[in-house]
Amino acid sequence: MKTTLIIDCDPGVDDATGLLMAFAASNIDLLAITTVGGNVPAGQTARNACILRQIANREDVPVFAGADRPLVRDPAGAGEFHGEEGLGDMAPFDPAKGVEAEPAADAIIRLVMARPAGTVDLVMMGPMTNLALALRRQPQLAGHLKQVVAMGGARSEGGNITASAEFNIWADPDAAHEVMQSPVPVVMIGLDATHQVRATEERIRTIEAIDNASSQTVACMLRFSQRVERTIVGWDAAPLHDPCTVAYVMAPELFRLRPAEIRIETQSDLSRGHTAVEMRGDLLEARHLWAVKADAEGIFDLIGETLASAGAKS
């Protein structure tokens, strides 16, 4: 059975790994890629998605550019962790095929609402601005989506942009608040889980040994992340954040989740973007699931096996 999904993202070196994995996966029916300003400005994230699509030879998948700024705040980037262009050490180029004319939020509404309720997953690798805009325009979207699988938030691990906030949520906390307050079911894979998934030297070498363009691109991104983490953070092996969303869609057994009520702090500058993850009490009707455990070895095996299926490098 194929999983039908849309990926909303802000590529981004780890987004690149998740996208190339999804492009290669035989059990994913990828309806579209939508992009948002986040790790780098919106024009670059849209271009980067088109570049990665071309590398994967998947021009059949449309790319829709979305919000260039958060709902109410100034844009904020993370270029120091992704490179000035968002592609690490990889030099960008003008892709042969660009984005579609339709805005991302409109495309999400159209593509999801055209299919039976509960049949489309939305994977989110960046700020939640596009989905928040789509829900404002079409509130019925929340009940039509099967689920949202989002990389975002932090609880026990603390934040990676402030003491308590993870970047994707911090970048547009107002959008995240609106999404989490909506009726849509959300699986949240935050730093508590992604910090368990480390791109060790051995794991990078395994991907480098796969002889196709997608794998070599992923290895290049992982090498950049490894260098940045060692230089800026002091960790030897960089955590792999955004691809965990695609891994979950493909193999949910690789994660352990707990039902929760997740709320987003929007008022305090000190704790902007903090994810309050409440796992106590009666949560039988909880719409939110919080990832507490990730099988790193299984996830990297899945990445390698999936990328290996992308075809021989020409």
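Caption draft 1: Seen up close, the overall build of the protein. Each helix and strand in the protein was counted, giving 13 helices and 11 strands. For 314 residues, the compact-globule formula gives about 20 Å, and the C-alpha radius of gyration of the protein, at 18 Å, lands near that figure. Reported as C-alpha extents along the three principal axes, the dimensions of the protein are approximately 50 × 45 × 40 Å. Within the protein, the fraction of its 314 residues that count as buried is 59%. Counted over contacts in the protein with a minimum sequence separation of 6, partners at least 24 positions apart contribute 82%. Here the protein displays about 12600 Å² of accessible surface, and carbon together with sulfur accounts for 49% of that area. Looking at the protein, you have 27 positive and 42 negative side-chain charges, and the mean spots of the two groups are 2 Å apart.

Caption draft 2: The sheet that holds strand S1 (residues 3-9), seen in detail. The mixed open sheet is built from nine strands, whose spatial order is S3-S2-S1-S4-S5-S6-S11-S9-S10. The open sheet has two free edges, formed respectively by strand S3 (63-65) and strand S10 (275-278), since each of these has just one partner strand. Between one strand and the next, the sheet's axes are offset by a mean angle of 30 degrees, whatever the strand orientation. For strand S6 (residues 186-189) and strand S11 (residues 288-294), the ladder comprises three bridges, and the chain directions are parallel. Its bridge partner being in S11, methionine 188 is matched across the sheet by tryptophan 290. Where helix H2 (residues 42-55) meets the sheet, its contacts fall on strand S2 (28-35) and S3, and the angle it forms with S3 comes to roughly 175 degrees. Its contacts with the sheet put helix H4 (residues 104-113) on S1, S2 and S3, and the angle it makes with S3 is roughly 135 degrees.

Caption draft 3: Local environment of the pairing of strand S9 (residues 255-264). In terms of strand pairing, S9 meets S11 through six bridges, oriented antiparallel. By the bridge assignment, proline 259 is partnered in S11 with leucine 289. Sheet analysis places S9 next to S10, joined by four bridges and oriented antiparallel. By the bridge assignment for S10, glutamate 261 is matched with glutamate 278.

Caption draft 4: Summary view of the packing of aromatic side chains. If you walk through the whole model with that rule in mind, you get two aromatic pairs. When the centroid spacing of 6.3 Å and the interplanar angle of 35 degrees are considered together, the rings of phenylalanine 167 and tryptophan 170 count as tilted. Of this pair, phenylalanine 167 and tryptophan 170 both sit in helix H7 (residues 167-171), three residues apart, which is roughly one turn of that helix. A relative accessible area of 16% places tryptophan 170 in the buried class. Here tyrosine 248 and phenylalanine 255 contribute two aromatic rings whose centre-to-centre distance is 5.8 Å and whose plane-to-plane angle is 70 degrees, an arrangement assigned as edge-to-face. For phenylalanine 255, a relative accessible area of 8% gives the class buried. The cationic tip of arginine 272 hangs over the ring face of tryptophan 170; the distance from NZ or CZ to the ring centre is 4.0 Å.

Basis of the calculations
- Residues numbered from 1 in each chain as written.
- Predicted model: local features only at pLDDT ≥ 70, side-chain atom pairs only at ≥ 80, totals over all residues.
- Heavy atoms only, no water.
- Helix = DSSP H or I, 4+ residues; strand = E, 2+ residues; numbered from the N terminus.
- Rg over C-alpha atoms; globule rule 2.2 N^0.38 Å.
- Buried < 20%, exposed > 50% of the residue type's maximum accessible area, 1.4 Å probe, protein only.
- Contact = heavy atoms within 4.5 Å.
- Areas by Shrake-Rupley, 256 points an atom, 1.4 Å probe, with all protein chains shown as cover.
- Lys, Arg positive; Asp, Glu negative; His and termini not counted.
- Charge placed at Lys NZ, Arg CZ, Asp CG, Glu CD.
- Pairing = 2+ DSSP bridges.
- Axes fitted to C-alpha atoms, helices over the stretch in contact; angles between N-to-C directions.
- Phe/Tyr/Trp six-rings, centres within 6.5 Å; stacked < 30°, edge-to-face > 60°.
- Lys NZ or Arg CZ within 6 Å of the ring centre and 35° of its normal.

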